[in-house]
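Next come the chains, spelled out residue by residue.
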Amino acid sequence: MEDRLVISMIQCFFIAFGVIVGGTIIGSIGSYITGEAPLTSMFRIAKGLRIWAIVAAIGGTFDAISNFEKGIFDGSTFDIFKQIMIIVAAMGGVKAALLLFEWLLGDEVI
């Protein structure tokens, strides 16, 4: 059971990381085509994708709410712990992607 939790956490980390990196790069290509500054738009896009990357990584909000409900009302504390750890892993993936862009572009993504 714990093995599956680690696998889910790793997958959520990289899904969130990929949403930020992929969305930012593809979005900046669109900004370049429309004549905007692509590096400036990368910061704006990365900032806007943060919450969506977490939602995409955890598989949607209704699944998370269902797991919290099962944990609270059925007394399964492992389900609550598992969902919290998956959300933390997704947040870590987002932060890692933002740090990557900070290192590459030399500016802080707030």
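Everything quoted here is computed from the prediction, not taken from an experiment.

Caption draft 1: Layout of the overall build of the protein. A count of helices and strands for the protein gives 4 helices and 0 strands. For the protein, the succession of helices and strands along the chain, N to C, is α-α-α-α. Along the first, second and third principal axes, the C-alpha set of the protein runs to 55 × 25 × 20 Å. The contacts of the protein with a sequence gap of at least 6 include a subset with a gap of at least 24, amounting to 67%. Here the protein displays about 6,900 Å² of accessible surface, and carbon together with sulfur accounts for 69% of that area.

Caption draft 2: Geometry of the UniProt feature "transmembrane region" (unreviewed entry) in the protein. According to UniProt, the positions carrying the feature "transmembrane region" (unreviewed entry) are residues 6-29 and 80-105. Secondary structure content for residues 80-105 is 100% helix and 0% strand, while the C-alpha to C-alpha distance between its ends is 38 Å.

Caption draft 3: Quick look at helix H4 (residues 77-105). Here H4 is 29 residues long and its end C-alpha atoms lie 42 Å apart, about the 42 Å a rise of 1.5 Å per residue gives. Those residues of H4 lying buried are Asp79, Gln83, Ile86, Ala89, Ala90, Gly93, Val94, Ala97, Leu98, Phe101 and Glu102. Count one or two residues on from H4 and you reach glycine 106, which has phi positive near 80°.

Caption draft 4: Fine view of the pattern of salt bridges. Scanning the entire structure with this criterion turns up 1 salt bridge. The residue glutamate 36 makes a salt bridge to arginine 44 at a minimum N-O spacing of 3.6 Å. Judged by its relative accessible area of 51%, arginine 44 is exposed.

Caption draft 5: A look at the confidence of the model for the protein. With 90% of its residues at a pLDDT of 70 or more, the protein has an overall mean of 85. Mean pLDDT values over the elements of the protein span from 71, in helix H3 (residues 61-73), up to 91, in helix H1 (residues 2-33).

Caption draft 6: Geometry of a nonpolar patch on the surface. Taken together, the side chains of Ile25, Ile26, Ile29, Tyr32 and Ile33 define a hydrophobic patch exposed on the protein surface, amounting to about 560 Å² of accessible area. Following the sequence through the fold, isoleucine 33 ends up in helix H1.

Caption draft 7: Molecular detail of the nonpolar core. If you look at the biggest cluster of nonpolar residues, it comprises 17 residues, and the most contacted ones within it are Ala16, Ile20, Ala90 and Val94. Among the elements of the structure, H1, helix H2 (38-58) and H4 are those that each provide at least two residues to this core. Ignoring anything within four residues of it in the chain, the contact list for alanine 90 reads Cys12, Ala16, Ile54, Ala57 and Ile58.

Caption draft 8: Structural context of the side chain of threonine 24. In this structure, threonine 24 sits in helix H1. Setting aside residues up to four positions removed in sequence, threonine 24 forms contacts with Val19, Met42, Ile45, Ala46, Leu49 and Phe101.

Definitions and limits used
In this convention, every chain numbers its residues from 1, walking through the sequence in written order. Whole-chain, interface and lining totals are the exception, using all residues; otherwise, since this is a predicted model, local features are given only for residues with pLDDT of at least 70 and side-chain atom pairs are given and counted only at 80 or more. Excluded from the side-chain calculation are hydrogens and water; included are all heavy atoms of the structure. In this text, helices come from DSSP runs of H or I with a minimum length of four residues, and strands from runs of E with a minimum of two, each type numbered from the N-terminal end. Two residues form a contact once any of their heavy atoms are found within 4.5 Å. To measure how exposed things are, a 1.4 Å probe is used in the Shrake-Rupley method; for residues, cover is taken only from the protein chains shown. UniProt positions are given in the numbering used here, feature names are shortened, and annotations may be inferred rather than shown by experiment. Between the first and last residue of a helix there are one fewer steps than residues, each counted as 1.5 Å, and that sum is the expected span. Only protein chains enter the calculation, and the probe is 1.4 Å; a residue is then buried if its accessible area is under 20% of its type maximum, exposed if over 50%, and partly exposed in between. What counts as a salt bridge is simple: a side-chain nitrogen of Lys or Arg found within 4 Å of a carboxyl oxygen of Asp or Glu. Each residue carries a pLDDT value, the predictor's own confidence for that position, ranging from 0 to 100. Like-charged residues are merged into a patch within 9 Å and nonpolar side chains (Val, Leu, Ile, Met, Phe, Trp, Tyr) within 5 Å, provided each residue has over 30% relative accessible area and no salt bridge. Residues belong to a common nonpolar core when they are buried Ala, Val, Leu, Ile, Met, Phe, Trp, Tyr or Cys residues joined through side-chain atoms within 4.5 Å.

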